[in-house]
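# Residue-level structural notes
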Amino acid sequence: MDPIDTGSGSILRQPKAVWATAGASVVAFMGIGLVDPILPSIAEGLDATAGQVSLLFTSYFLITALAMLVTGFVSSRIGGRRTLLLGLALVVVFAGFSGTSGSVGELVGFRAGWGLGNALFVSTALAVIVGAAAGGSAAAILLYESALGLGMACGPLLGALLGDASWRYPFFGTAALMAVGFACIAALLKEQPRPARKTSLLDPVKALGHGGLASTAVSAFFYNYTFFTVLAFTPFVLDMSPYRSGAVFFAWGVLLAVFSVIVAPRLQKRFGSLRVLGGSLVLLAVDVLVLGHGGHTAAVACTVLSGALIGVNNTVYTELALGVSDAPRPVASAGYNFVRWFAAAAAPFFAPRIEEWSDVHMPFTVAAVTAVLGALVVLVRRRSLTAEAEELRPRHATEDGVGVFAN
C-alpha cells in the first residue's frame, strides 16, 4: 500500500484547518532539536559548562512531563482550539525571551516556560488533527507522524543556519514562525466539540494502573533516556561547527522521518510490532555503544544511523500507547507521556555528570544499557501487550479522536 494512502484516501487531501495545525506542529517539533547545533555556541556565549547548557533540555522536558497531567484537564474545559492557541502564545513569548537571555539560568527558565507552551500545543494537536481530518484517524496519525519527522529534521538545520550568526537568532526565528502558526490556526481552525466527560488531573495517573499501559510507559522511559542522550549530549562529543553539526542532525532527522512514516509500518506488517520494537531497541544499544567508543567518523555515522532506529521506535511506541489501554486515548496517552518525558529530562542532566565522574565513553554505555532494559520490558511483557492490543484495537478503531503527543 502506498505509504500516503491509508485506504480511506490520501493524507494530502485535507482541509485547510488540518494543514494549519500540521504546519504549526512542524515548528513545535523543530523546537526540540533547535538548540542541538548551537549548544557549544550557547556555552561559549554565556560562559557556561556543558552540564549547565544541557539543562536547556532538562527544564524543557521536566515541565513537559508535569504538564501532561494538566493538558487534558485544560483542553476538556476550554476546547482544543483555545488550548492550541494558548500553547502557541506561550511558545512565542518564551522563545522570544530565550533569545534575550543574559545568563544560562535565565535561558533555562525561559525554556521551561517554552516547554509548558509546547506541551499544551503538541498534546492537543493530534486529537485536533484527527477531529478535522478527512480519511479517518489513520490518515491523521500518518500526517502527524510526518509533521513530527519533518520538524525533528528541520530543527537542527534552522538552528545551524541562524545560529551561525548568533546563538540568539534561532530563538527569535522560532518565535516568529510560531506567531505565523498562531495566526493560521486562529483564522482557519474552528472550535471542535468538547468531550462529554471532563478530564481530572489524576485521571492520567490512574490510567497507569493498567498493566499494559504501565509496561509501555516503563519501556518508553528507558528508551527515551537513550534517545535524549544522543540528542542532547552528542553535540559536545562531535565538537563541530554549527553548520556541520546541523547537517549531521538534519540527516539524522530525515532518517527519523522516513523510517517513522514509511519503513516502520512495513516492518510491523511483516514481523509484528513487538518483534520490530525489541529488535530496534537492541540495534540502538549497539549503535550508541559504537557512537561513544569509536572514532569521530564512527560517531558521526552512528549519530545519523540512530535516527532510523529512533524513527521505528517512535512509531511502534505510539501505536502501543494508543491501543493497549482500556482508558480513553487522551487520558492513557497523557499518563504514558507523564512517565516517559521524565527520562527526556533526566538524560541531558546525567550524561554530562557521568562524563565528569568517569570519561566521555560512559554516558553512551549507560544509554546502551537503558535501551536494552527497554527491550527486556517488551520481552517480559510481550504476551500481555500483544493480547491487550489485539483485544482493544477494534474498540479504538471506532472511537472519535486519539491520544495526545504519543511520540
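Keep in mind it's a predicted model, so treat the numbers as computed, not measured.

### Some thoughts on unusual backbone geometry
- Phi at Asp-47 is positive, roughly 55 degrees, even though this residue is not glycine.
- Mapping Asp-47 onto the fold places it in the loop between α2 (39-45) and α3 (50-78).
- On the basis of relative accessibility, which here comes to 73%, the residue Asp-47 falls in the exposed class.
- In this model, Asp-239 sits at a positive phi of 50 degrees, which is unusual for a non-glycine residue.
- Within the secondary structure, Asp-239 is located in the loop between α9 (211-238) and α10 (242-271).
- Taking relative accessible area as the criterion, Asp-239 reaches 64% and is therefore assigned exposed.

### Some remarks on the packing of helix α4 (residues 80-98) against helix α5 (residues 104-132)
- It is the contact of α4 with α5, at a shortest axis distance of 8 Å, that shows an interaxial angle of 155 degrees. With respect to their mutual orientation, α4 and α5 come out roughly antiparallel. The hand of the α4/α5 crossing is left-handed.
- Looking at the contact of α4 with α5, its residues break down into 16 nonpolar, eight polar and one charged.

### A few points about the environment of Pro-330
- In this structure, Pro-330 sits in helix α13 (residues 329-357).
- Remark: the alpha-carbon pair of Pro-330 and Thr-199, spanning 131 residues in sequence, is separated by 9.1 Å.

Calculation criteria
Residues numbered from 1 in each chain as written. Predicted model: local features only at pLDDT ≥ 70, side-chain atom pairs only at ≥ 80, totals over all residues. Heavy atoms only, no water. Helix = DSSP H or I, 4+ residues; strand = E, 2+ residues; numbered from the N terminus. Buried < 20%, exposed > 50% of the residue type's maximum accessible area, 1.4 Å probe, protein only. Axes fitted to C-alpha atoms, helices over the stretch in contact; angles between N-to-C directions. Parallel < 35°, antiparallel > 145°, perpendicular 65-115°, else oblique. Left-handed = near helix turned anticlockwise from the far one by under 90°. Nonpolar A, V, L, I, M, F, W, Y, C, P; charged D, E, K, R; others polar.

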